Amino acid sequence: AQSTALHYVTEEMQSFFQAAIIQSAPLTIPFRTYAEYITPGVLLAEQLHCQYHDLSCFRNASYQEIIAAQRVVNNLVTSLNLLLFFEPWMPVIDDVVIHDQLLRTVQNTTFPLKPLIIGTLTEEAVLYIHEGWHKPVSAQTYAEVLLVTFAQNALKVLERYPPDSSMDQRPLLARVGTNYVFACSTRVFARKAATFSYVFGYPLDFNGWDNLTFCIGHVCHGSELPYVFQSAWLNFTDAGRRVSTTMVNYWGNFAKTKDPNRPVKPTVEWPMSARGSERFLFFQDPISTGEDYLKDDCDFFDQIGYHS
């Protein structure tokens, strides 16, 4: 999704595609600069027994060796930006292809943007929060996470999302993360294009999470993929097959005509989203339409900003 979004707003790429679909891009997670990659780069080189600037040594490593080395580095502190812990290997701002963060790039785009489907899931961050914190998160730890993540805006976020009386603030952290990292930054991106927006809210209806039991019954990041690609068709319930067939029809229509509503006529017309009428398609069973998804939360995050 991030790669698609990057191509979508890069002027040199415009002749190579006609439309785009961006599914669940964590647009708030920042790209690193070369300087910010020195620390993880040096640590990766150490794991691969290479010198930092010896590219031939890196290239001689097998992909298995690189993955193993990355896993070691991923458990080390390579940045004070907590968001980079969840996605440590990002595109680099090289001032050749990538000149800025994605959100600022799309906001500053001057050429006409092409047809776009873009959307998120209702519980994107549940997976990341539970992978980051294997044990319950206290109210104090929750406040500390907000302080590290939002710095001078931490008190505002704490006031908007105060800890509850439970002994585990991970559900609240997941809500903040879903809104801030995925849903609201996606709205910023979508507002610049002629867009069909969606929200996916249908949890896996089969046993597909293996050891990630905390995602059972939740719409974790990636939950829509089996339905888009029909990769678990034999395991779907009747409701899941309806959701899957509907998505495939919309996606196939868009690939053919740049309009998800034709040539195969859907049961529910997918409305275009526009500033002032931010309508979206809600994938559940049954499918429905809505307007102004998470408006108050996203207005709040728009106000405090997504990148320093």
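Values in this document were obtained by computation on a predicted structure and should not be read as measured data.

J.: Which residues make up unusual backbone geometry, and what values do they have?
T.: A negative phi holds for most residues other than glycine; trans holds for most peptide bonds. With omega at 10°, the peptide bond leading from Arg 262 into Pro 263 counts as cis. Here Asp 285 and Pro 286 are connected by a cis peptide whose omega angle stands at 5°. Looking at where Pro 286 falls in the secondary structure, it is placed in the loop between strand S6 (279-283) and strand S7 (288-291). Non-glycine residue Asp 210 carries a positive phi angle of around 50°. Along the chain, Asp 210 turns up in the loop between strand S5 (195-200) and helix H11 (225-229). With phi around 60°, Asp 292 is a residue other than glycine that occupies positive phi space.

J.: How would you summarise the nonpolar core if you had to cite specific residues and measurements?
T.: Phe 189, Phe 200, Phe 283 and Phe 301 are the most contacted members of the largest nonpolar core, which totals 81 residues. The dominant element in this core, judged by the number of residues it contributes, is helix H10 (residues 170-190), at eleven residues. With near-sequence residues (within four places) excluded, Phe 301 lies in contact with Phe 150, Tyr 161, Val 176, Asn 179, Tyr 180, Cys 184 and Tyr 306. Listed in part, the ten residues of the second largest apolar core include Leu 44, Leu 48, Cys 57 and Ala 69.

J.: So what's going on with the pattern of salt bridges? Which residues, and what values?
T.: By the definition in use, this model includes twelve salt bridges. Where Asp 299 meets Arg 187, a salt bridge forms, and the shortest distance between an N and an O atom there is 2.8 Å. Within this pair, whereas Asp 299 is found in helix H13 (residues 295-304), its partner Arg 187 is found in helix H10, the two being separated by 112 residues in sequence. Residue Asp 299 is classed as partly exposed on the basis of its relative accessible area, which comes to 29%. Here Arg 187 falls in the buried class, since its relative accessible area comes to 10%. With a closest N to O distance of 2.7 Å, Lys 295 and Asp 299 form a salt bridge. On the criterion of helical spacing, the pair formed by Lys 295 and Asp 299 is a turn pair, its members being four residues apart in helix H13. When its relative accessible area of 37% is taken as the criterion, Lys 295 is described as partly exposed.

Definitions and cut-offs
Residues numbered from 1 in each chain as written. Predicted model: local features only at pLDDT ≥ 70, side-chain atom pairs only at ≥ 80, totals over all residues. Heavy atoms only, no water. Helix = DSSP H or I, 4+ residues; strand = E, 2+ residues; numbered from the N terminus. Core = buried A, V, L, I, M, F, W, Y, C linked by side-chain atoms within 4.5 Å. Buried < 20%, exposed > 50% of the residue type's maximum accessible area, 1.4 Å probe, protein only. Contact = heavy atoms within 4.5 Å. Salt bridge = Lys/Arg side-chain N within 4 Å of Asp/Glu carboxyl O.

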